[in-house]
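For reference, the chains in residue letters:
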Amino acid sequence: MEELIERLTRATIGATFNFYRDGSGAATRCERLLVYLRARRDAPLLLVGEAAGHRGARISGVPFTSERQLTGCGPAEATATIVRRALAELGLEEETLCWNVVPTHPHLPNRPHSNRRPTRVEIEHARPFLDELARGRTVVAVGRLAHAILGDPYVRHPSHGGAADFRAGLLRFRSGGRRVRRFSVT
């Protein structure tokens, strides 16, 4: 895990902001990510979203997690709150590793507190990180972009009114209602 984080801190992924390398708190974000990855080392399930958001992982360092969830202070992030609540309610929190197709933060030019869809090049540059974490795990795409990259299984992204569908998708997945595939890299 240390090697993955070292590579991540050196990575330039298109025009995204690498908050593991740059900005106040980068070392703290790296340490948090390391602790999280170690804790989920044997997690059989990998939930993969689109990219780090400006109120979530960009500040906390942990995918689908806000600073408020970690410390009780700082910004909350709606998607992180919904994802973590659903995982906890379904008993999946400890057996799920969360990640993003692009682990760094894509934002609009000169607007660091915005989010934008990652470009094809950014997705390609970030793919080795995803591939490494996906080996031997059941991978579930969260949202359309992740689904386009990874294929099935897929759950709806919880934003913009999708919380109930997201939870239902996880519930169906957990209860065996979906065929899943183990991810392998050839």
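The structure contained in this document is the topic of the report that follows. (Residues numbered from 1 in each chain as written. Predicted model: local features only at pLDDT ≥ 70, side-chain atom pairs only at ≥ 80, totals over all residues. Heavy atoms only, no water.)

## Comments concerning the packing of helix 1 (residues 2-10) against helix 2 (residues 26-39)
As a reminder, the rule being used: Only C-alpha atoms enter the line fits that serve as axes; for helices the fit covers just the stretch in contact. Angles between N-to-C directions range over 0 to 180 degrees. Secondary structure elements are defined from DSSP: runs of H or I of at least 4 residues count as helices, runs of E of at least 2 residues count as strands, and each element is numbered from the N terminus. Handedness of a crossing is defined here by the sense of rotation of the near helix relative to the far one, left-handed for an anticlockwise turn of less than a right angle and right-handed for a clockwise turn. Any two residues whose heavy atoms approach within 4.5 Å are treated as being in contact. Note on residue classes: Ala, Val, Leu, Ile, Met, Phe, Trp, Tyr, Cys and Pro are nonpolar, Asp, Glu, Lys and Arg are charged, and everything else, Gly too, is polar.
Where helix 1 meets helix 2, the axes come as close as 10 Å, and the angle between the chain directions of the two elements is 145°. The two elements helix 1 and helix 2 meet at a crossing, and its hand is right-handed. Within the contact between the two elements, helix 1 uses E2, L4, I5, L8 and T9 and helix 2 uses C30, L33, L34, L37 and R38. Within the contact of helix 1 with helix 2, the residues separate by chemical class into seven nonpolar, one polar and two charged.

## Overview of the nonpolar core
Convention followed: Nonpolar core, defined: a set of buried Ala, Val, Leu, Ile, Met, Phe, Trp, Tyr and Cys residues in which side-chain atoms within 4.5 Å join the residues together. Throughout this description, buried means an accessible area under 20% of the type-specific maximum (1.4 Å probe, protein chains only), exposed means over 50%, and partly exposed covers the range between.
The biggest cluster of nonpolar side chains holds 49 residues, and the ones touching the most others in it are L33, L37, L46, L47, W99, F166 and L170. When neighbours within four sequence positions are excluded, L33 is seen to be in contact with I5, L8, Y20, G61, V62, P63 and W99.

## Brief notes about the sheet that holds strand 2 (residues 96-102)
The cut-off we apply is this: Two strands make a pair as long as DSSP finds a minimum of two bridges between them.
The strand order 2-1-3-4 describes an open sheet built from four strands, whose pairing is parallel. Whereas interior strands pair on both sides, the edge strands pair on one side only; in this sheet they are strand 2 and strand 4 (154-155). Relative to strand 4, strand 3 (residues 138-142) is paired through two bridges, and the arrangement is parallel. Note that in strand 4 the partner of A141 across the bridge is Y154. The sheet strands contacting helix 5 (residues 78-89) are strand 1 (45-51) and strand 2, and the helix crosses strand 2 at an angle near 150°.

## A few points about helix 6 (residues 120-134)
Formally: By definition here, a helix of n residues has an expected span of 1.5 Å times n minus one. Two axes define the bend at a residue: one fitted to the seven residues ending there, one fitted to the seven starting there, and the bend is the angle between them.
In this model, helix 6 (15 residues) spans 20 Å end to end at C-alpha, consistent with the 21 Å of a helix rising 1.5 Å per residue. The sharpest bend along helix 6 reaches about 45° and sits at A126, with the proline P128 one to four residues further on. Buried within helix 6 are the following residues: E122, I123, A126, F129, L130, D131, L133 and A134. After helix 6 finishes, the residue G136 shows a positive phi value of roughly 75°.

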